[in-house]
Amino acid sequence: MSTPPLSEASRTEHDAPLAPLTTLRVGGPARTLVRAATTDDLVAAVRAADAAGEDLLLVSGGSNLVISDAGFPGTVVQVATRGIEVEDAGDGRVRVRAAAGEPWDAFVAHAVQNGWSGIEALSGIPGCVGSTPIQNVGAYGQDVSQTVESVRVLDRETGEVQEMSAAECAFAYRDSLFKRTQKGSTGRYVVLAVTFLLEATDRSQPVGYAALAQGLGVEMGERVALADAREAVLAQRRQRGMVWDADDHDTWSCGSFFTNPIITAAQMDEVRAHVVERFGPTAPEPPEFPAGDGMVKTSAAWLIDKAGYGKGYAMPGPAALSTKHPLAITNRGSATAADVAALAREVRLGVEEAFGVRLVNEPVFVGHQL
């Protein structure tokens, strides 16, 4: 690829290591790495790669990627754009547009400090703003689809930049139009900026997660100070090793490795039958939550644990389940992508054999498959 002219803030490297750009810290090098520090450079780099017929991978916070040990043979564009714009939206709300490369947790902290309510329960999630609508990131009773007003994207099929409404994003549980329209290693749409509609208040949104309410000492549905909500969420995440820390290998992960299964009521009955068969008459009751349209959501972490893969499984590694949470696959310091994939396959197969549910990985595999 002929590298496009870039601003002074951006740069291009060759045979560049990718593992340090991910929270899992695995993966081989990129043939070409373009660090795009401005939106214009981001658009230009993507257009140039597409025009040259290059395989393209976008990396922002790297928190949702398992890159193969062979690396990436095409062009990797690192989204390093910055910028936050705010305007009064009326009716006690603010409209906040953030560049795709803004670190997500820093953005949440900024919102809390400024009295913008609606994303506080998403504190501590690694990655960048631009990744959140792709996965419809969610935790502790909130997800971004509740506050996203629009997403500015580059459509790689047309080469045009456009604004997509929340309805056009077609959000679903840990899913969106962006995730469903894949083109090679990167989606059809490149997120450039996300606009959120947030409530101007120093109070949180109604607490919608039982453990969070318990930690705060309030009832479900109550509202608390924004700062208190954020700190309570961070405390919950730290207990589970879900706040990234370079010195703690329990956090060298992609966070939750599998999504919570959404299954039919009949399938849930089968799960309960498998549990009784496995544990006998004193069998524990598997978690279940209404998921709409007659569907039921159950807990991937519970299934993993009860299938025999508890906290710290496969320690000392090189890849092992977190000692704090069975849903996170961690790099104990020397794991390869192959090590991570092998453990994920073992866990997925074990859960399927035990309960008849096939888990779906949440992170994206690049250059290999689960």
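The shown structure was predicted, so the numbers you read here are calculated from the model rather than taken from an experiment.

Q: So what exactly am I meant to see when it comes to the nonpolar core here?
A: One recurring pattern in soluble globular proteins: nonpolar side chains tend to sit buried together. Grouped together as the largest cluster of nonpolar side chains are 54 residues, with contacts concentrated most on Leu 42, Trp 104 and Phe 196. With seven residues, the top contributor of residues to this core is strand β15 (residues 189–200). Taken domain by domain, this core gets at least three of its residues from each of domain 1 (11–79) and domain 2 (84–239). Among residues more than four places away in sequence, those in contact with Trp 104 are Ile 119, Leu 122, Ile 125, Gly 127, Cys 128, Val 129, Thr 132, Val 144 and Phe 196. Grouped together as the second largest cluster of nonpolar side chains are 36 residues, Phe 257, Val 275, Val 340 and Val 347 included.

Q: Help me understand the packing of aromatic side chains in this model?
A: Given two aromatic rings, their pairing is described by the distance between the two centres and the angle made by the two planes. Evaluation of the coordinates by the stated rule reveals ten aromatic pairs. With centroids separated by 5.3 Å and ring planes inclined at 65 degrees, the aromatic side chains of Phe 257 and Phe 258 adopt a geometry described as edge-to-face. Judged by its relative accessible area of 1%, Phe 257 is buried. Judged by its relative accessible area of 2%, Phe 258 falls in the buried class. Ring geometry for Trp 302 against Phe 355: centres 6.2 Å apart, planes inclined by 45 degrees, an arrangement best described as tilted. Highlighted residues: Trp 302 in helix α9 (residues 300–306) and Phe 355 in helix α10 (residues 337–355), separated in sequence by 53 residues. Residue Trp 302 is classed as buried on the basis of its relative accessible area of 14%. The exposure class assigned to Phe 355 is buried, which follows from its relative accessible area of 1%. Members of the aromatic cluster, joined through ring pairs, are Trp 104, Phe 107 and Phe 196.

Q: Help me understand the packing of helix α2 (residues 104–113) against helix α7 (residues 226–239), please; the structure alone is not making it clear to me.
A: Helix packing for two helices is described by the angle between their axes and how far apart those axes are. Relative to each other, α2 and α7 sit at 155 degrees, their axes nearing to 9 Å. What the angle tells us is that α2 and α7 run roughly antiparallel. Between α2 and α7, the contacting residues are Asp 105, Val 108, Ala 109 and Val 112 on the first element and Leu 226, Ala 227 and Arg 230 on the second. Its residues placed into classes, the contact of α2 with α7 shows five nonpolar, no polar and two charged.

Q: Even after reading the chapter, I still don't get the sheet that holds strand β16 (residues 262–264), so can you show me in this structure?
A: Through backbone hydrogen bonds, the strands of a sheet pair up, either in parallel or in antiparallel fashion. Ordered by their spatial adjacency, three strands build an open sheet running β16-β18-β17, and the pairing between neighbours is antiparallel. Each edge of the sheet is formed by a strand with only one pairing partner; in this case those strands are β16 and β17 (289–290). In this structure, β17 lies alongside strand β18 (residues 295–297), joined through two bridges in antiparallel fashion. The residue of β18 that forms the bridge with Phe 289 is Lys 297.

Conventions adopted
- Residues numbered from 1 in each chain as written.
- Predicted model: local features only at pLDDT ≥ 70, side-chain atom pairs only at ≥ 80, totals over all residues.
- Heavy atoms only, no water.
- Core = buried A, V, L, I, M, F, W, Y, C linked by side-chain atoms within 4.5 Å.
- Buried < 20%, exposed > 50% of the residue type's maximum accessible area, 1.4 Å probe, protein only.
- Helix = DSSP H or I, 4+ residues; strand = E, 2+ residues; numbered from the N terminus.
- Domains from an automatic or database assignment.
- Contact = heavy atoms within 4.5 Å.
- Phe/Tyr/Trp six-rings, centres within 6.5 Å; stacked < 30°, edge-to-face > 60°.
- Axes fitted to C-alpha atoms, helices over the stretch in contact; angles between N-to-C directions.
- Parallel < 35°, antiparallel > 145°, perpendicular 65-115°, else oblique.
- Nonpolar A, V, L, I, M, F, W, Y, C, P; charged D, E, K, R; others polar.
- Pairing = 2+ DSSP bridges.

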